[in-house]
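A look at the structure
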Amino acid sequence: DSGVTQTPKHLITATGQRVTLRCSPRSGDLSVYWYQQSLDQGLQFLIQYYNGEERAKGNILERFSAQQFPDLHSELNLSSLELGDSALYFCASSAYSDSRHADTQYFGPGTRLTVL
Amino acid sequence: KNQVEQSPQSLIILEGKNCTLQCNYTVSPFSNLRWYKQDTGRGPVSLTIMTFSENTKSNGRYTATLDADTKQSSLHITASQLSDSASYICVVSGAGTASKLTFGTGTRLQVTL
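This text gives an overview of the structure that appears in the document.

Parameters at a glance
- Residues numbered from 1 in each chain as written.
- Chains lettered and ligands numbered in written order.
- Predicted model: local features only at pLDDT ≥ 70, side-chain atom pairs only at ≥ 80, totals over all residues.
- Heavy atoms only, no water.
- Helix = DSSP H or I, 4+ residues; strand = E, 2+ residues; numbered from the N terminus.
- Rg over C-alpha atoms; globule rule 2.2 N^0.38 Å.
- Buried < 20%, exposed > 50% of the residue type's maximum accessible area, 1.4 Å probe, protein only.
- Areas by Shrake-Rupley, 256 points an atom, 1.4 Å probe, with all protein chains shown as cover.
- Lys, Arg positive; Asp, Glu negative; His and termini not counted.
- Charge placed at Lys NZ, Arg CZ, Asp CG, Glu CD.
- Pairing = 2+ DSSP bridges.
- Axes fitted to C-alpha atoms, helices over the stretch in contact; angles between N-to-C directions.
- Phe/Tyr/Trp six-rings, centres within 6.5 Å; stacked < 30°, edge-to-face > 60°.
- Lys NZ or Arg CZ within 6 Å of the ring centre and 35° of its normal.
- Contact = heavy atoms within 4.5 Å.
- Buried area = accessible area lost by both parts, 1.4 Å probe.
- Salt bridge = Lys/Arg side-chain N within 4 Å of Asp/Glu carboxyl O.
- Polar contact = N/O pair within 3.5 Å; in protein donor to acceptor, adjacent residues only side chain to side chain.

Quick look at the overall build of chain B
What chain B contains, in helices and strands, is 0 helices and 11 strands. Going residue by residue from the N terminus, the α and β elements of chain B occur as β-β-β-β-β-β-β-β-β-β-β. Taking 113 residues into account, the globule formula puts the C-alpha radius of gyration at 13 Å, and chain B, at 14 Å, falls close to it. For chain B, the C-alpha atoms occupy an extent of roughly 45 × 25 × 20 Å along the three principal directions. Taking all 113 residues of chain B together, 46% fall into the buried category. As displayed, chain B has an accessible area near 5,500 Å², and 48% of this comes from carbon and sulfur atoms. Charge separation in chain B, taken as the distance between the mean sites of 10 positive and 7 negative side-chain charges, equals 7 Å.

See below:
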């Protein structure tokens, strides 16, 4: 158990809909990262928040947005869903603000999103 | 363009045998290199993290090496077990001001009887 929790575990929805994925980081960690992993694909970095502020942006679509709340949990919002958005979405947390610090990222169990 | 390439793409070995996975990267300037193990459908788990000054780091039966001059890393698994069956992902962090992690596509290892 990494200490990172994600809800829900599974989500099935239709094209055009909007969903929200939730992540609670490990106790004490200030950074939250979001990743997308499509079937048989590598991990794609989406976005990072540190202590409530956006820190780094990766290949995140404009239809996707995220935020980190004062209690440090984070939400990833996916809107106008398309079939190609079906994937595993992982959240990870770490203590520091920057991956240049050699600190471990702890990954949650993921949310499996299926868009029909 | 920052890239991380891993080889082989997939590997099948017998239980008890050793194996070595390779990672070549072009990320520059370099900050650190990480190896993760990912079981199918589950979140990756960190195995090792190495900075520029480290040549080798072990975590049980896993030993990672780093040659920052040639921009190569390897992950050696000793006395493989069935539970080692997973994808192994190499991840490199640059040292630039807008540092991000660059992920390899992974090596899928299958350990069989």
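A look at the sheet that holds strand β8 (residues 74–78) of chain A
All names here are of chain A. In spatial order, the strands read β1-β3-β8-β7; together these 4 strands make up an open sheet with antiparallel pairing. Because the sheet does not close on itself, it has two edges, and the strands there are β1 (5–7) and β7 (64–68). Strand-to-strand, the axes of this sheet are offset by a mean angle of 15 degrees, without reference to chain direction.

Some remarks on the sheet that holds strand β7 (residues 62–67) of chain B
Residues and elements named next belong to chain B. Taken in spatial order, the 5 strands line up as β1-β3-β8-β7-β6 in an open sheet, and their pairing is antiparallel. A single partner strand is all that each edge strand has here, and the edge strands are β1 (4–7) and β6 (56–59). Between one strand axis and the next, the sheet turns by 15 degrees as a mean value, whatever way the strands run. In this sheet, strand β8 (residues 72–77) lies alongside strand β3 (residues 19–25) in antiparallel orientation, the contact comprising 6 bridges. Each bridged residue has a counterpart across the sheet, and for asparagine 24 the counterpart in β8 is glutamine 72.

Focus on the packing of aromatic side chains
Scanning the model with the defined rule gives 10 aromatic pairs over all chains in all. Ring geometry for Tyr62(B) against Tyr88(B): centres 6.1 Å apart, planes inclined by 45 degrees, an arrangement best described as tilted. You can see Tyr62(B) sitting in strand β7 and its partner Tyr88(B) sitting in strand β9 (residues 86–94), a full 26 residues away along the chain. We note that Tyr62(B), like Tyr88(B), is buried. Each member of the aromatic cluster is reached from another via a ring pair, and the members are Tyr33(A), Tyr35(A), Phe45(A), Phe90(A), Phe107(A), Tyr36(B) and Phe103(B). Against the face of Tyr62(B) rests Arg61(B), its NZ or CZ located 5.7 Å from the ring centre.

So, the interface of chain A and chain B
Many analyses report the size of an interface as the accessible area lost when the parts associate. With 20 residues of chain A at the contact, the number on the chain B side is 23 residues. Taken together, the two surfaces of chain A and chain B that pack against each other cover about 1,600 Å², and 55% of this comes from carbon and sulfur. When the area that chain A buries against chain B is broken down by residue, the three leading residues are Leu43(A), Ser99(A) and Arg100(A), summing to 34%. Viewed at the interface, chain B and chain A are joined by 0 salt bridges. There are 2 residue pairs in polar contact (both at pLDDT 80 or more) connecting chain A and chain B. For the side of chain A that touches chain B, the elements supplying multiple residues, two or more each, are β4 (31–37) and β9 (87–94) of chain A.

Quick look at the pairing of strand β5 (residues 44–50) of chain A
Residues and elements named next belong to chain A. Counting buried positions over the 7 residues of β5 gives 5, a clear majority of the element. Count of turn residues in the β4/β5 antiparallel hairpin: 6 residues, of which aspartate 40 carries a positive phi of about 60 degrees. Taken together, the 4 bridges between β5 and strand β6 (residues 53–57) define a ladder with antiparallel strand orientation. Across the sheet, residue glutamine 48 finds its bridge partner in β6, namely alanine 56. Hairpin geometry of β5 and β6 is characterised by an intervening segment of 2 residues between the two adjacent antiparallel strands and by a positive phi of about 50 degrees at asparagine 51.

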